[in-house]
Amino acid sequence: MYKAKDLRDQSVDELEAIYDESCKKLFKLVNELKSQKKHEKPHEIKHARKDIARILTVLSEKRSGNETQKA
C-alpha cells in the first residue's frame, strides 16, 4: 500500500508509471477472482483500488498546483 505522503514526493512521470502498474495489478487480481471464483486474499483488490485512488488524487493535486503556479 502506498501512503499519500510518500506519493507526494514523486514526480508526475513516476506517479503515472506507478498508476499503470497498479492498474495492471488490479486487472490481474480481478481476472483471477473471476476465473477461480474464490480468491485467497480478497482484501488485495480493495487495497489496489484504494492505491489507485490515492495516486489519482496526488496526480490531480500536482497538475492543478502546476497550473496555478504558471498563471
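Shown above is the structure to which this text applies.
Described in the following lines is the structure provided in the data block.

Here we come to the environment of L15. Within the secondary structure, L15 sits in helix α2 (residues 12–36). Looking at L15, the relative accessible area reads 0%, which means it is buried. Each C-alpha atom, one on L15 and one on H43, is 23 Å from the other, the two residues being 28 residues apart in sequence. When near neighbours in sequence (up to four residues on either side) are disregarded, L15 contacts L7, Q10, I55, V58, L59 and K62.

Next up on the list: the pattern of salt bridges. This structure, assessed with the given rule, holds three salt bridges. Where D51 meets R54, a salt bridge forms, and the shortest distance between an N and an O atom there is 3.2 Å. With D51 and R54 both in helix α3 (residues 43–70), this residue pair falls three residues apart, about one helical turn. On the basis of relative accessible area, D51 is assigned to the buried category, the value being 7%. Classification of R54 as partly exposed rests on a relative accessible area of 25%.

It is characteristic of soluble globular proteins that their nonpolar side chains tend to be buried jointly. In this structure, L7, L15, I18, I55, V58 and L59 together form the largest nonpolar core, which totals six residues. Only α2 and α3 provide two or more residues apiece to this core. Per element, the largest residue contribution to this core is three residues, and it comes from α3. Those residues in contact with V58 that sit more than four places away from it in its chain are A4, L7, R8 and L15. Ranked by size, the runner-up nonpolar core spans five residues in total, among them L26, L29, I45 and I52.

Conventions we followed
- Residues numbered from 1 in each chain as written.
- Predicted model: local features only at pLDDT ≥ 70, side-chain atom pairs only at ≥ 80, totals over all residues.
- Heavy atoms only, no water.
- Helix = DSSP H or I, 4+ residues; strand = E, 2+ residues; numbered from the N terminus.
- Buried < 20%, exposed > 50% of the residue type's maximum accessible area, 1.4 Å probe, protein only.
- Contact = heavy atoms within 4.5 Å.
- Salt bridge = Lys/Arg side-chain N within 4 Å of Asp/Glu carboxyl O.
- Core = buried A, V, L, I, M, F, W, Y, C linked by side-chain atoms within 4.5 Å.

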